[in-house]
Amino acid sequence: MSLLRQSRNILSNLKAKSLAKRLMHFKFEPDNPSTNLGPTENMNYLKALTNAMDISLENDPTAIIFGEDVAFGGVFRCTVGLREKYGSDRVFNTPLCEQGIVGFGIGAAVAGSTAIAEIQFADYILPAFDQIVNEAAKYRYRSGGLFECGKLTIRTPCGAVGHGALYHSQTPEAYFAHSTGLKVVIPRSPIQAKGLLLACIRDDNPCIFLEPKILYRAAEEEVPVGDYTLPLSQAEVLREGSDVTLIGYGTQIHVLKEVAELAAKDGISCEVIDLVTILPWDADTVCTSVSKTGRCVITHESPVTGGFAGEVAATIQKECFLNLEAPVERVCGYDTPFPHVLEPFFMPDKWRCLQAVKNVVNY
Amino acid sequence: MFFQPLGIRTYSAEATFPIKPIDTHKLENSPATEVQINKDDAISYYTKMQIIRRMELKADQLYKQKIIRGFCHLYDGQEACCAGIEASLTPKDDVITAYRAHGWAFIRGVPVCNILAELFGRKLGCAKGKGGSMHMYSKNFYGGNGIVGAQVPLGAGIAFAHKYRNSDTVTVACYGDGAANQGQIFESFNMSQLWKLPAIFVCENNRYGMGTSVERASASTDYFTRGDYIPGLRVDGMDVLAVREATRFAKEYAVKEGPILMELVTYRYHGHSMSDPGTSYRTRDEVKEIRKNLDPIMSFRDKIISAGFVTKQDVATIDAEVKQHVENETAKALASTEPDFDQIASDIYVTDTPLSIRSCNIYNKLHHQPSV
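Residues numbered from 1 in each chain as written. Chains lettered and ligands numbered in written order. Predicted model: local features only at pLDDT ≥ 70, side-chain atom pairs only at ≥ 80, totals over all residues. Heavy atoms only, no water.

Peer 1: Help me understand the state of the cysteines in this model?
Peer 2: The full count for this structure, using the stated rule, is zero disulfides over all chains. Distance from the sulfur of Cys-97 of chain A, which forms no disulfide, to the nearest cysteine sulfur (Cys-203 of chain B) is 15 Å. Under the relative-accessibility criterion, Cys-97 of chain A is labelled buried at 17%. (Disulfide = S-S within 2.5 Å. Buried < 20%, exposed > 50% of the residue type's maximum accessible area, 1.4 Å probe, protein only.)

Structural data, given as structure tokens:
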């Protein structure tokens, strides 16, 4: 039988959805929302974002959403229905010019508008790098507080998706972590995404909101329908443990949750921490945890050299030096451009993280 | 030897065709309004365009079977652009384009099996399977670039190399109607004009930047005038002969005077990429209209038959041969395997001393393979 026909048969025997799920490197388990946030509705990640922007535009008459293709709903359907509801002067498309989009957003924010800019893929945020790092991040500082663009929030889909290759899979948090004046946030789930996006929009500092695109449809939770925010710069302990602290953010958290389950089978008790905010990050929660457990594994999708795990590791070894039982381990992407077909090798998957856990425990 | 019905004209060696008038911007002369073509060239252009069309349709089929994954931007409908431009270039001229690059890769000499293998991510691919659809390269073809507009300053730089070496060659830097609004395009225009670089900037205007029509994206849709101080031409991009003539004119100008802008008004039948059905921002009727009335391959076919170069029978034979060729090349590409694991940490740097690349943790290192 020809290869083509063989592959057709295999694929037609599987439903597309289950195939996609089997090819994902993580398992999403929904959180339960706090009971004091009111009634909830089943929403996936992107609907939670739409909901957050809906609330924002409703309560803030100066809020505007702009970016490439946001008017019809966006390439990931994150802004569906908003233009119809709020009008084309508040939800509008920009031409294809990232540097222009961010620069324009900074100007609108400085002049008093709550500007929510969308950059279509995080890989494309780089033409706007100068605007973000030199203009947005430093505006308050260089004007001695006279001007600032705190009303700017830049949303962008990031992260590996299985077939994105070099330019549809990057997570650029490390580049922006180096620019004080910005806030960088990366939520792991729909409940987090809605609360954190509202927090970023209302925060008086320019924010970069990174959305792991693989979670857009894969992550579904009971999300509170009301208006709520979640605190920025506060890491969250998702699972308590006593032997080793696992630190991550975004999609990687779901990998770590599974790693904790697997390690528990070997009698290793893992504490899982979601950093949530990359800049400014919550060193207190992390160091308290590592002082308790004495061991730490930090993981992210981005390449290891110059990655954010280095910053966390350096802080941990300084603050928790005498409590450490083993060197801090980092499990990250390779120091290569994000590969095309060799992606499964690049990803810091659960087996690699589990191996790192065993390394620190058996040190 | 072909058997012809009675009363049909004999084979001719040359024919003349009129082309639609070409709009000019800041030019004293303009390209000719009539072009001559000989039989061999005619058959060559037709065959090449048909191969590109078949190859793109094959890619569409294979994408739906999930043999090609990721992002795949197809060129069908725009074949006359690359075929026409290539017809007036020499192998020493350089071309750089954006991500809709399969047609360009082929016309610049990459065999179909290498293009398809690159789409599959296999070893036989022209970038060793490491680049994918958007990153195809060959000698004198600088790709294949993913970031919109980023290739145009590169084109200006390559043109500078031509000028530096005093060769009578040009660089063709292609971009689309969406990219025409990127800042770096205008930076390239300025540098090229300032230093009088032999660059032909080609705007392949297929009327839609992904899902945004040109009217909704650009304050001025006269892309051939957007170079301002750089002269421009607006050409019917569905007519391979018009494109060839305009390129001939542009190359002559670029080598003598400096940069020139060429807008090719063309159309893509597929959506922006394979994830885009291409019907939410344009009607199916519009696509059908263009396919019926303006298809570059069909209209050229009618021309060469009417010129007496070939008969309908000949054309059918060529079509069958092309189809078979693409099938053979597909089989070759499918037979190839994925790149070996050590390719993940190769082609990153050039280095004399052995280099270790950190892998997922800082202890496991991979040896960097130098490029061969």
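Peer 1: I keep staring at the interface of chain A and chain B and nothing clicks. Help me out?
Peer 2: At the junction of the two partners, chain A supplies 43 residues and chain B supplies 46 residues. On the surface where chain A and chain B come into contact, there are zero salt bridges. Taken together, chain A and chain B are joined by five residue pairs in polar contact (both at pLDDT 80 or more). A breakdown of the residues in the side of chain A that touches chain B according to their chemical character gives 24 nonpolar, 11 polar and eight charged. (Contact = heavy atoms within 4.5 Å. Salt bridge = Lys/Arg side-chain N within 4 Å of Asp/Glu carboxyl O. Polar contact = N/O pair within 3.5 Å; in protein donor to acceptor, adjacent residues only side chain to side chain. Nonpolar A, V, L, I, M, F, W, Y, C, P; charged D, E, K, R; others polar.)

Peer 1: Would you take a moment to explain the packing of aromatic side chains for this structure?
Peer 2: Aromatic ring pairs are described here by two measures, namely the spacing of the ring centres and the angle between the planes. Applying the stated criterion across every chain, the model contains 23 aromatic pairs over all chains. Residues Trp-281 of chain A and Phe-308 of chain A carry aromatic rings whose centres are separated by 6.0 Å and whose planes lie at 85° to one another, so their mutual orientation is edge-to-face. One end of the pair, Trp-281 of chain A, is in the loop between strand S12 (277–279) and helix H12 (283–293); the other, Phe-308 of chain A, is in helix H13 (residues 308–319), with 27 residues separating them in the sequence. Owing to a relative accessible area of 5%, Phe-308 of chain A belongs among the buried residues under this scheme. Note on Phe-160 of chain B and Tyr-164 of chain B: the rings are 5.9 Å apart at their centroids and 45° apart in plane angle, and the pair reads as tilted. With a gap of four residues between them, Phe-160 of chain B and Tyr-164 of chain B both fall in helix H5 (residues 151–164), about one helical turn apart. Joined through ring pairs, the aromatic side chains of Tyr-45, Phe-76, Phe-121, Tyr-124 and Tyr-216 of chain A together with Phe-71 of chain B make up one cluster. (Phe/Tyr/Trp six-rings, centres within 6.5 Å; stacked < 30°, edge-to-face > 60°. Helix = DSSP H or I, 4+ residues; strand = E, 2+ residues; numbered from the N terminus.)

Peer 1: Help me understand the nonpolar core in this model?
Peer 2: General note: in soluble globular proteins, nonpolar side chains tend to be found buried as a group. Core analysis: the largest hydrophobic core is formed by 121 residues, its most contacted members being Leu-246 and Ile-316 of chain A. Counting the residues that make up this core, at least three belong to each of domain 1 (35–224) and domain 2 (236–361) of chain A. In contact with Ile-316 of chain A, not counting residues within four places along its chain, are Ile-247, Val-286, Val-290, Cys-296, Ile-298, Phe-321, Leu-324 and Val-328 of chain A. In terms of nonpolar packing, the next biggest core, distinct from the first, is built from 74 residues, Tyr-45, Ile-52, Met-55 and Leu-119 of chain B among them. (Core = buried A, V, L, I, M, F, W, Y, C linked by side-chain atoms within 4.5 Å. Domains from an automatic or database assignment.)

Peer 1: Even after reading the chapter, I still don't get the pattern of salt bridges, so can you show me in this structure?
Peer 2: Opposite charge on two side chains allows them to pair when their charged atoms are near. A complete count under the given rule lists 33 salt bridges over all chains for this structure. Asp-60 of chain B is the partner of Lys-64 of chain B in a salt bridge, and the nearest nitrogen-oxygen pair spans 3.0 Å. Separated by four residues within a single helix, Lys-64 of chain B and Asp-60 of chain B lie in helix H1 (residues 39–64), roughly one turn from each other. Residue Asp-60 of chain B is classed as buried on the basis of its relative accessible area, which comes to 11%. Among the ionic pairs, Lys-251 of chain B bridges to Asp-93 of chain B, the shortest N-O distance being 2.8 Å. Of this pair, Lys-251 of chain B sits in helix H8 (residues 240–256) while Asp-93 of chain B sits in the loop between helix H2 (79–87) and strand S4 (94–96); the two residues are 158 residues apart in sequence, bridging distant segments of the chain. Here the salt bridges do not stand alone but share partners, grouping Asp-31, Arg-188, Glu-236, Lys-257 and Asp-274 of chain A into one network.

Peer 1: What is the right way to look at the sheet that holds strand S5 (residues 152–158) of chain A in this model?
Peer 2: Sheet strands associate in pairs through backbone hydrogen bonding, adopting either a parallel or an antiparallel arrangement. Residues and elements named next belong to chain A. Pairing within the open sheet is mixed, and its seven strands lie in the order S3-S2-S4-S5-S7-S6-S12. Lying at the two open borders of the sheet, with one neighbouring strand each, are strand S3 (91–93) and S12. Within the sheet, the average angular offset between the axes of one strand and its neighbour, ignoring direction, is 20°. Two elements, S5 and strand S7 (residues 207–212), share six bridges in a ladder whose sense is parallel. Counterpart to Pro-157 in the pairing with S7 is Glu-211. Most of the contacts of helix H3 (residues 45–59) go to S7, to which it runs at about 150°, and overall it touches strand S2 (63–67), S3, strand S4 (114–118), S5 and S7. (Pairing = 2+ DSSP bridges. Axes fitted to C-alpha atoms, helices over the stretch in contact; angles between N-to-C directions.)

Read these as spatial facts, not as claims about activity.
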